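A closer look at the structure
Each chain, written out:
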Amino acid sequence: MLQGKSILLGVTGGIAAYKAAALCSKLKQEGAEVHVIMTASATQFISELTFQTLSRQPVYTDTFDERDASVVSHIDLADHADLVLVAPATANVIGKMAHGLADDMLTTTLLATTAPVMVAPAMNVHMYAHPAVLHNMDILRSRGVRFIEPEEGLLACGYTGKGRLAEPEHIVEYVKRWFAESGSGESALPPAGAAGQGSARPGLLQGKRVLVTAGGTVERIDPVRYITNDSSGKMGFAVAEAARDMGACVTLIAGQTQAAPPEGVELIRVESALDMRDAVMERYEDTDIVVKTAAVADYRPVHRAAQKLKKTGERLVIELERNPDILQELGEKKKNQLLIGFAAETEQLEQYALDKLARKNLDYIVANDVSRTEAGFGSDRNEVHIYSKNGLVERIPLTAKREVARRLLQIAAQASAAGDEPPSMPDEVHSLES
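Residues numbered from 1 in each chain as written. Predicted model: local features only at pLDDT ≥ 70, side-chain atom pairs only at ≥ 80, totals over all residues. Heavy atoms only, no water.

Some points on the UniProt feature "active site" (unreviewed entry) in the protein chain
To keep it simple, the criterion reads: UniProt positions are given in the numbering used here, feature names are shortened, and annotations may be inferred rather than shown by experiment. Strands are runs of DSSP state E lasting at least 2 residues, helices are runs of H or I lasting at least 4, and numbering of each runs from the N terminus. Exposed residues in this analysis have more than 50% of their type's maximum accessible area, buried residues have under 20%, and partly exposed residues fall in between, with area computed by a 1.4 Å probe over protein chains only.
If you check UniProt for "active site" (unreviewed entry), the listed places come out as Cys157 in our numbering. Following the sequence through the fold, Cys157 ends up in the loop between β7 (151–154) and β8 (160–164). Since its relative accessible area comes to 46%, Cys157 is described here as partly exposed.

Focus on the side chain of Ser232
Of note, Ser232 is situated in the loop between β11 (225–228) and α9 (234–245). Judged by relative accessible area, which is 5%, Ser232 ranks as buried.

Observations regarding the pattern of salt bridges
For the record, the criterion: Think of a salt bridge as a Lys or Arg side-chain nitrogen and an Asp or Glu carboxyl oxygen that are within 4 Å of each other.
Evaluated as defined, the whole model comprises 26 salt bridges. With a shortest N-O distance of 3.9 Å, Asp104 and Lys96 are connected by a salt bridge. Exposure remark for Asp104: the relative accessible area of 17% places this residue in the buried category. Judged by relative accessible area, Lys96 falls into the buried class, the value being 14%. Put simply, Arg141 and Glu263 hold a salt bridge, and the shortest N to O gap is 2.3 Å. Taken together, the positions of Arg141 in helix α7 (residues 131–142) and Glu263 in the loop between β12 (249–254) and β13 (266–269) put the pair 122 residues apart, joining distant regions of the chain. For Arg141, a relative accessible area of 2% translates into the label buried.

Details of α7
Formally: How far a helix is expected to stretch is found by multiplying one less than its residue total by 1.5 Å. Between two residues, a contact is recorded if the distance between any of their heavy atoms is within 4.5 Å.
Over its twelve residues, α7 runs 16 Å from end to end, which matches the ideal 16 Å to within 8%, given 1.5 Å per residue. What α7 keeps buried is the set Val133, Asn136, Met137, Ile139, Leu140 and Arg141. Buried-residue contacts for α7 involve α4 (91–98), β5 (117–121), α6 (125–128) and β6 (146–147). One or two positions beyond α7, positive phi appears at Gly144, with a value near 105°.

Below you can see the structure in the form of structure tokens.
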């Protein structure tokens, strides 16, 4: 998808600049023509010669270093780019972009370009969470800039958290997917968190309202104790992020989770199953697609103690009562909504999944074996089978949850647009390559 594409790579001054060299190389290997602009700070971390060697193109650092008298360099670069990719992007350059500052070669070129812009931030976890940085990113999203979110992990400063530059191969896959789904140099996908703004053509879910539930519910025994279901929220967050990137207006209703939720979506935090039910039902009528990934507790304590329970003996008996079945209630009230459920099983995957799909009047159900250590709870990867009432629709082998989410929503978008579901494929199952 990158053959012959002209990508303008902006490299700014952070330790993650060394990853930009690998990114440049991978983009070049995919057939792209890569032109690199470095800020003065970036040259303190990695040399111009490195990028010149990898890109086989001159590297630009100075607005006034005009090398061809027939063109103005920053205008020429801006005009010929199919995509501008800033990676890594520091808090400083994000602030400059948001407020229209142009005091170096990169920011001047960014103001001059009409090409789509992608930004891959990299910074300290506290800097990334700072209100000023978040505000600046929201401003850019509203103008059509797309963000490739940083990853969580150990940062160079010694902190652990969200702020590490996405791995070069992940950025390349994101760029390839963007070109593939756009079909041209203009994005078919709207900017994250700003559905439809700045996009040349509508995305797969443009104009659709998608509701996603994620995480586990908490059923209180007393103020300090509760029962819950195992769930990190990662699968639901991946679905919400993918729906956002496809142009949908996304509402994410989340219980207890162990991951950072995606930006650019409406986030509603709930605690108990009853809280989640109320939040879902309040919005159901105005929703086009519902994806229920949440691990809702089946039971809750009949009596919730107002004060912390004290140890009074060797045994404690707690009486439980059934929680409402949110998914089944949605199925009963379904009108034109597309309803997708998840089945986390440890055995007889297909049998239990199809039974749940039929009982709850679902359009699709996504079944996964949570007994596997390399997939499911807490993992960044998953292996699933997607079923409709006609049987197996698609088997997705072990791959990143974001890829599972993207493929699931492609199926949902196709069904939503057609007003029906695609036929099952029991004989020749389509699989997503890991």
